[in-house]
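Structural characterization, general
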Amino acid sequence: MQPAYVLIIVMLYAAFGCMFLFASWQKAGRFAQLIAQSSLTEAFRACIVLMELNHSLGSVSHWHSFSDCLNLLATWWLFAGVADLAGVKLPARLGMLYVAAGVPVILALRYLAPHALVTGWGMTPVRADFISTFVELMLLFTTVTLARLAMLVWLVRIWRETQLPGALLAIVFGVPYMLFAIAVPVQFYFGYYPEWIYLTWVLRILGFSLGLVMLLFDKQLSAQRASERVLRESEMKFHAVFAQSPMAIVLTTLPEGRVVDANQAAEKLLGHILADMRGRTATELGFWVNLADRDRYLQILQAGAGVSGYEARLRVKGGKELDVLFHGRVMEIGGSVFVLNSLLDISERKRVEITLQERTAFFEAQVDAAHDAILVVDSSGRKILQNRRMAEVWKIPPEVADDKDDARQVKFVTGRTKDPQQFVEKVLHLYSHPKEVSRDIIELVDGTILDRYSAPVNGKDGRYFGRIWTFRDVTEARKAEELVRHLAAFPQLNPNPVLEFKSDGTLTYYNPAAVSMAKKAGVPGIGHLLPADTPVIIAECLATGKPRLRLETTHGRSRLSWSYYPIAGPQVVHCYVGDITDRQSLEEQLRQAQKMEAIGQLAGGVAHDFNNMLTAIIGHLGLLRGNPKVTPEIDESLGEIAAAANRAARLTSQLLAFSRRQVLTTSALDLNEVVTHLTKMLRRILGEHVIMQLDFAPEPLIFHGDAGLMEQVLVNLAVNARDAMPDGGTLRITTRSVTCTPPATHGPAEPAVFVRLSVEDTGTGIPPDIRGRIFEPFFTTKEVGKGTGLGLATVFGIVEQHQGWIEVDSELGAGARFQIFLPRLAEAPAAPAAAAPGAIPRGRDEVILLVEDEVSVQEMSAQALRRQGYRVLTASHGPAALEIWARHKGEIKLLLTDMIMPEGISGRQLARQLLQEKPTLRVIYSSGYNADIAGKELKLTDGVNYLAKPYELERLFQTVRAALDGEQSRPPFGPG
């Protein structure tokens with residue numbers, strides 16, 4: 001019967017899982033989704049048990065391990081689902097941490113622990129498997145029991161608050177649910193698996209799941225009741241507004257139009273009380289003067305959601321006709337469709353509007369027929385009226401003249417005058433002197449001369465309403481001649497090429513600037529630079545009357561922009577040409593610089609967060625490896641983890657190097673020695689099919705740099721060269737001292753002495769179309785999985801940090817050569833005496849205030865320092881640190897703080913505030929970023945008052961001891 005019971009368990013879990021999954025699709029909430037995930041996972045685990053009972057599993061041990069890992073997921077989802085039901089929002093990160101921590105423990109106890117017990121304790125394999133599995137089950141089901149106990153507590157709380165039967169059912173069957181979790185390790189230990197256990201399992205699943213289903217339905221029902229209560233309150237508010245509204249409102253059915261309700265304002269407007277109107281249509285009541293208005297109003301309502309601003313004439317009680325403005329809104333109430341009609345009496349307004357329209361029409365006709373341009377403005381200077389002649393005289397485009405924004409026309413008109421400042425000053429003067437009358441002459445930019453007249457518009461009572469402006473064209477023939485002479489001289493003196501074409505595309509005129517441009521381009525004449533489709537462009541401009549602007553062409557290294565303007569009268573086209581080569585080059589450089597800077601900031605930020613994680617990993621490794629109880633086998637595994645962490649640190653170093661935020665450990669280096677030191681490694685990297693040739697300068701090439709980063713540069717270039725020579729070739733590395741002028745971006749354009757590292761290969765070369773992108777991060781031509789695109793970007797960042805630059809020469813099929821230039825030192829400075837190695841210094845019970853917002857780093861550092869003999873007070877941000885300081889500032893000897901923290905107080909700001917209260921306080925800054933973030937005025941020295949992440953415990957202990965043992969006469973760390 002056991003397989004039959006387990007089969008029922010599978011079906012129950014699957015059925016309830018699908019039920020909750022369907023509920024989650026119906027937007028039942030996060031609870032349904034989590035319970036569905038848990039139930040379906042348990043169904044899968046029950047399938048594993050069923051297959052084991054049917055002897056269809058190949059390797060039972062592996063399936064048990066997989067089932068226990070799934071148990072972690074199922075338990076977390078069920079735990080989080082019940083918590084959500086109880087109103088407790090558990091973060092998803094907590095579940096990820098639970099699973100991520102539990103799975104390695106399960107796998108280690110299942111696969112690594114038996115081997116350790118056999119080899120270390122001499123146990124038999126069967127005994128070792130039994131003990132390790134028992135321990136694993138104890139650990140796993142202890143956490144499962146605690147989770148189920150917490151679920152019972154939440155369910156009891158739900159029962160107390162709601163008295164829901166589903167909660168009681170879940171509690172009753174949740175008790176054996178918890179007890180069975182406790183019993184699993186005991187069953188395994190005694191090998192006790194009776195048949196009644198499986199039957200109880202079935203009953204427990206059925207009862208507990210039904211309880212959760214009932215709770216889900218109760219939860220949805222409560223939400224529905226709350227919605228209904230809100231709806232009732234909304235209806236009450238609506239009726240209050242409806243009844244007291246000063247606007248006439250009538251509620252009618254659709255499409256019959258029978259009156260259902262009306263407010264007091266509607267009764268007053270229509271002359272009928274509600275009792276007379278209810279149940280009757282507007283047609284039956286005789287309201288519509290024209291039934292066609294009623295039909296059109298109804299048609300608009302049925303076509304959409306409502307009507308706004310519909311005018312019609314109504315006949316109210318007593319036969320009086322009114323002009324009414326309708327606003328109708330279609331709504332559904334209780335399954336029936338109604339129209340909420342708002343009525344506004346506009347009869348008086350219509351009468352006034354008609355009278356005003358008649359008078360305005362006569363006035364506008366008179367103004368529009370005038371020969372002069374006329375503009376009328378109100379007392380605030382806003383346009384009221386202007387005639388057709390106004391647009392003609394000022395050549396105002398229709399879209400500007402018709403625009404309601406007066407500022408646009410004012411700007412256009414002002415721009416048309418020869419002296420805009422004088423024009424504006426005159427206008428402002430007249431607006432500030434409303435009684436003044438003025439007449440003067442103004443000249444437009446096109447040579448038109450206007451007689452301007454302005455006078456105030458006053459009412460019979462002397463009230464100022466605005467001002468009238470008239471403009472008369474008084475341009476004489478000599479003005480036209482003067483304009484012709486001016487236009488003839490203009491293109492001759494224009495520094496840019498000016499061309500004129502006939503309608504057939506023939507070039508009829510070009511100025512001296514065009515001749516100069518042709519000479520600069522190395523062609524006989526400007527005609528050799530014309531775009532190929534110039535005749536077509538000329539014909540198109542004249543046919544449409546529209547210009548063709550900014551047509552770009554390329555001639556060698558020059559980039560030209562052509563703009564064609566049709567001249568309708570003589571049927572010619574003027575063309576203006578500009579050389580935009582330098583501008584486009586600068587724009588491209590700016591875009592590239594902005595892109596590199598943005599990606600650099602992203603890379604630096606990622607590296608900063610990664611360094612925090614690496615600090616915790618490396619620190620905890622140090623704590624573990626310092627434990628004398630660690631066996632050689634575990635120490636070997638820890639060594640592998642340490643190696644992986646160091647590789648991750650090197651990747652972080654690459655990101656920081658590209659973003660130029662790496663912390664440099666610089667010293668005087670000999671370039672020849674740097675290359676020599678890497679010779680053996682490079683030969684292994686290159687392989688036997690690549691020949692390496694070294695050509696060193698005869699003298700030492702001393703420069704200031706970071707040895708590790710420079711080795712990374714050389715290795716990256718060598719790997720790229722090897723990949724470019726898949727069939728073999730030669731890699732030549734040359735070092736020289738050269739005197740040259742650096743680029744403008746790398747200092748004064750004066751000759752100086754540099755060391756030069758050349759890496760040259762005989763590979764495939766770099767295609768010209770990608771040569772400008774090779775230093776971009778994540779750009780690679782290699783297959784997916786064979787290149788990250790960080791190699792050359794890292795090289796670029798490291799060289800920039802060393803105040804150097806890179807030059808690249810390459811031809812397809814002829815290889816590539818990378819030349820790196822770095823400032824050379826005149827001579828090597830004396831090397832500092834190496835410190836004698838000694839034991840790791842221990843603490844003397846000093847009190848350290850550790851401020852670190854990354855919890856894992858904080859906990860690791862505090863634990864390590866306490867083991868080392870220090871008393872540690874911890875805070876996650878500046879405000880918390882200030883609270884601790886207020887209680888313990890007399891005891892605290894050292895502040896160890898991260899530079900960048902939340903809550904508005906940085907590490908530097910915190911140190912400054914504490915140093916003002918206690919100048920003898922020692923301070924150590926720490927960061928996974930660059931020391932430069934502190935600012936130029938704050939001097940940070942790695943190992944003295946700066947601890948760069950990631951760090952090992954030995955460096956933490958030495959830095960702390962050095963800070964505490966510093967001479968009292970030294971100025972306190974963190975000035976300014």
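If you're wondering where the values come from, they're calculated on a predicted model, not measured in any experiment. (Residues numbered from 1 in each chain as written. Predicted model: local features only at pLDDT ≥ 70, side-chain atom pairs only at ≥ 80, totals over all residues. Heavy atoms only, no water.)

Scanning the protein chain for helices and strands turns up 29 helices and 27 strands. A total of 976 residues make up the protein chain; the buried ones form 41% of that total. Only carbon and sulfur atoms are counted for the fraction: they give 59% of the accessible area of the protein chain, which is about 53100 Å². (Helix = DSSP H or I, 4+ residues; strand = E, 2+ residues; numbered from the N terminus. Buried < 20%, exposed > 50% of the residue type's maximum accessible area, 1.4 Å probe, protein only. Areas by Shrake-Rupley, 256 points an atom, 1.4 Å probe, with all protein chains shown as cover.)

Our next topic: the sheet that holds strand β17 (residues 690-695). Pairing is mixed in the open sheet, where five strands are placed in the order β17-β19-β20-β22-β21. Looking along the sheet, the strands with just one partner apiece sit at the ends: β17 and β21 (805-810). If you compare each strand with its neighbour and ignore which way they point, the axes differ by 20° on average. In this structure, β21 lies alongside strand β22 (residues 816-823), joined through six bridges in antiparallel fashion. Within β22, the residue paired with D809 across the bridge is R817. Here helix α23 (residues 679-686) sits on the sheet in contact with β17 and β19 (729-740), set at roughly 155° to β17. (Pairing = 2+ DSSP bridges. Axes fitted to C-alpha atoms, helices over the stretch in contact; angles between N-to-C directions. Contact = heavy atoms within 4.5 Å.)

This next bit is on the pairing of strand β5 (residues 336-345). The pairing of strand β1 (residues 248-253) with β5 spans six bridges and is antiparallel. Each residue of the ladder has a partner; that of T253, found in β5, is F338. One ladder, built from ten bridges, connects strand β4 (residues 321-333) with β5; its direction is antiparallel. Note on β5: the bridge partner recorded for V324 is D345. Where β4 folds back on β5, the antiparallel hairpin that results is connected by two residues, among which G334 adopts a positive phi of roughly 60°.

Turning our eyes to something else, we now look at the nonpolar core. Most often, soluble globular proteins have nonpolar side chains that are buried together. F20, L78 and L212 are the most contacted members of the largest nonpolar core, which totals 40 residues. Among the secondary structure elements, those contributing two or more residues to this core are α1 (2-25), α2 (30-53), α3 (60-85), α5 (125-162), α6 (165-190) and α7 (195-244). When sequence neighbours within four positions are dropped, the list of residues in contact with L212 reads F20, F31, I35, L78 and V82. Counting residues in each nonpolar core, the second largest holds 39 residues, with V675, M692, A718 and V759 among its members. (Core = buried A, V, L, I, M, F, W, Y, C linked by side-chain atoms within 4.5 Å.)

At a minimum axis distance of 11 Å, the contact between helix α27 (residues 878-888) and helix α28 (residues 907-917) shows a crossing angle of 15°. Taken together, the axis directions place α27 and α28 in an arrangement best described as roughly parallel. Along this stretch, α27 crosses α28, giving a crossing that reads as right-handed. Packed against α27, whose contacting residues are G878, A881, L882 and W885, the element α28 presents L910, Q913, L914 and E917 at the interface. When its residues are assigned to classes, the contact of α27 with α28 shows five nonpolar, two polar and one charged. (Parallel < 35°, antiparallel > 145°, perpendicular 65-115°, else oblique. Left-handed = near helix turned anticlockwise from the far one by under 90°. Nonpolar A, V, L, I, M, F, W, Y, C, P; charged D, E, K, R; others polar.)

Let us look at the sheet that holds strand β13 (residues 548-555). Strand order in the open sheet made by the five strands is β12-β11-β15-β14-β13, with antiparallel pairing throughout. Edge positions in the sheet fall to β12 (507-510) and β13, since each has one partner strand and no second. Strand-to-strand twist in this sheet, taken as the mean axis angle between neighbours without regard to direction, amounts to 25°. As judged from the six bridges shared by β13 and strand β14 (residues 558-567), these two strands associate in the antiparallel manner. Bridge assignment links T554 to a residue of β14, and that residue is R559. Contacts from helix α19 (residues 534-544) reach β11 (498-501), β13, β14 and β15 (572-579) within the one sheet, and its direction differs from that of β14 by about 35°.

The full count for this structure, using the stated rule, is 31 salt bridges. Ionic pairing is found between R294 and D295, a salt bridge with its closest N-O pair at 3.6 Å. Residue D295 is classed as partly exposed on the basis of its relative accessible area, which comes to 43%. In this structure, R559 and E552 form a salt bridge, with 3.2 Å as the shortest nitrogen-oxygen distance. Of the residues examined, R559 reaches a relative accessible area of 25% and is grouped as partly exposed. Linked through salt bridges whose partners overlap, the residues forming this network are R313, R315, E321 and D323. (Salt bridge = Lys/Arg side-chain N within 4 Å of Asp/Glu carboxyl O.)

The next thing to look at is the side chain of T414. If you trace the backbone, T414 turns up in helix α15 (residues 406-416). A polar contact of 2.7 Å, which involves the side chain of T414, links it to the backbone oxygen of V410. When neighbours within four sequence positions are excluded, T414 is seen to be in contact with P420, F423 and V424. (Polar contact = N/O pair within 3.5 Å; in protein donor to acceptor, adjacent residues only side chain to side chain.)

In this description, a pair of aromatic rings is defined by centroid distance and the angle of the planes. Under the counting rule described, the total for this entry stands at twelve aromatic pairs. Summarising the aromatic geometry, the rings of W288 and F326 are spaced 5.5 Å apart at their centres and angled 10° between planes, so their arrangement reads as stacked. Taken together, the positions of W288 in the loop between α10 (282-285) and α11 (291-303) and F326 in strand β4 put the pair 38 residues apart, joining distant regions of the chain. For the residue pair W288 and F326, the accessibility class agrees, reading buried in each case. An aromatic cluster is present here, built from W394, F423, Y431, W469 and F471 joined pairwise through their rings. (Phe/Tyr/Trp six-rings, centres within 6.5 Å; stacked < 30°, edge-to-face > 60°.)

For the rest of this paragraph, the subject is α11. Taking 1.5 Å per residue, 13 residues should reach 18 Å; α11 reaches 18 Å between its end C-alpha atoms and fits that length. At its buried positions, α11 is contacted by β3 (306-315), β4 and β5. The N-terminus of α11 is capped by N290, whose side-chain oxygen sits 3.0 Å from the backbone nitrogen of A292. (Expected span 1.5 Å × (residues − 1).)

Packing of α23 against helix α24 (residues 707-723) leaves a shortest axis separation of 10 Å and a crossing angle of 25°. The pairing of α23 with α24 is recorded here as roughly parallel in orientation. Crossing angle aside, the handedness with which α23 passes α24 is right-handed. The segment α23 lies against α24, with M681, L682, I685 and L686 engaging L714, V715, A718, V719 and R722. Residue classes in the contact of α23 with α24 are distributed as eight nonpolar, no polar and one charged.

Looking now at helix α29 (residues 953-964). Between the first and last C-alpha of α29 there are 17 Å, a value that for twelve residues agrees with the 16 Å anticipated at 1.5 Å per step. Along α29, the residues classified as buried are L953, L956, F957, T959, V960, R961, A963 and L964.

What follows deals with the environment of T124. Inspection of the secondary structure assignment puts T124 in the loop between α4 (92-121) and α5. For the pair formed by T124 and P114, sequence separation is ten residues and the distance between their alpha carbons is 9.1 Å.

Across the protein chain, the average pLDDT comes to 80, with 82% of residues at 70 or higher. Contacts for the low-pLDDT stretch residues 832-836, under 50 throughout, to residues beyond four places or in other chains number zero contacts. Low pLDDT, under 50, characterises residues 967-976; the predicted model gives this stretch 20 contacts beyond four residues in sequence or across chains. (pLDDT = per-residue confidence, 0-100.)

Looking now at a nonpolar patch on the surface. A cluster of nonpolar residues, V186, Y189, F190, Y192 and W196, forms a patch on the protein surface that exposes about 590 Å² of accessible area. In terms of residue count, α6 provides more of the nonpolar patch than any other element does, three residues in total. Mapped onto the fold, W196 is located in helix α7. The exposure class of W196 is partly exposed, given its relative accessible area of 47%. (Patch = residues over 30% accessible without salt bridge, like charges linked within 9 Å, V, L, I, M, F, W, Y side chains within 5 Å.)

Attention shifts here to the state of the cysteines. Throughout this description, disulfide means a covalent bond between two cysteine sulfur atoms. Tallied over the full model, the rule gives zero disulfides. The thiol of C575 is not disulfide-bonded; the next cysteine sulfur, from C541, is found 9.2 Å away. The buried category is assigned to C575, whose relative accessible area is 0%. (Disulfide = S-S within 2.5 Å.)

Let us now look at the side chain of S861. Considering the arrangement of structural elements, one finds S861 in helix α26 (residues 855-867). Classification of S861 as buried rests on a relative accessible area of 1%. Apart from the residues lying within four places of it in its own chain, the contact partners of S861 are L850 and Y951.

Cis rather than trans, the peptide bond between L254 and P255 has omega equal to 15°. Structurally, P255 can be placed in the loop between β1 and β2 (259-262). A positive phi is found at Q571, a non-glycine position, where the angle reads about 55°. Mapped onto the elements of the fold, Q571 is located in the loop between β14 and β15. On the basis of relative accessible area, Q571 is assigned to the partly exposed category, the value being 37%. You will see that E903, though not glycine, has its phi angle at about 70°, which is positive. The residue E903 is located in the loop between β25 (892-898) and α28 in this model. On the basis of relative accessible area, E903 is assigned to the exposed category, the value being 54%.

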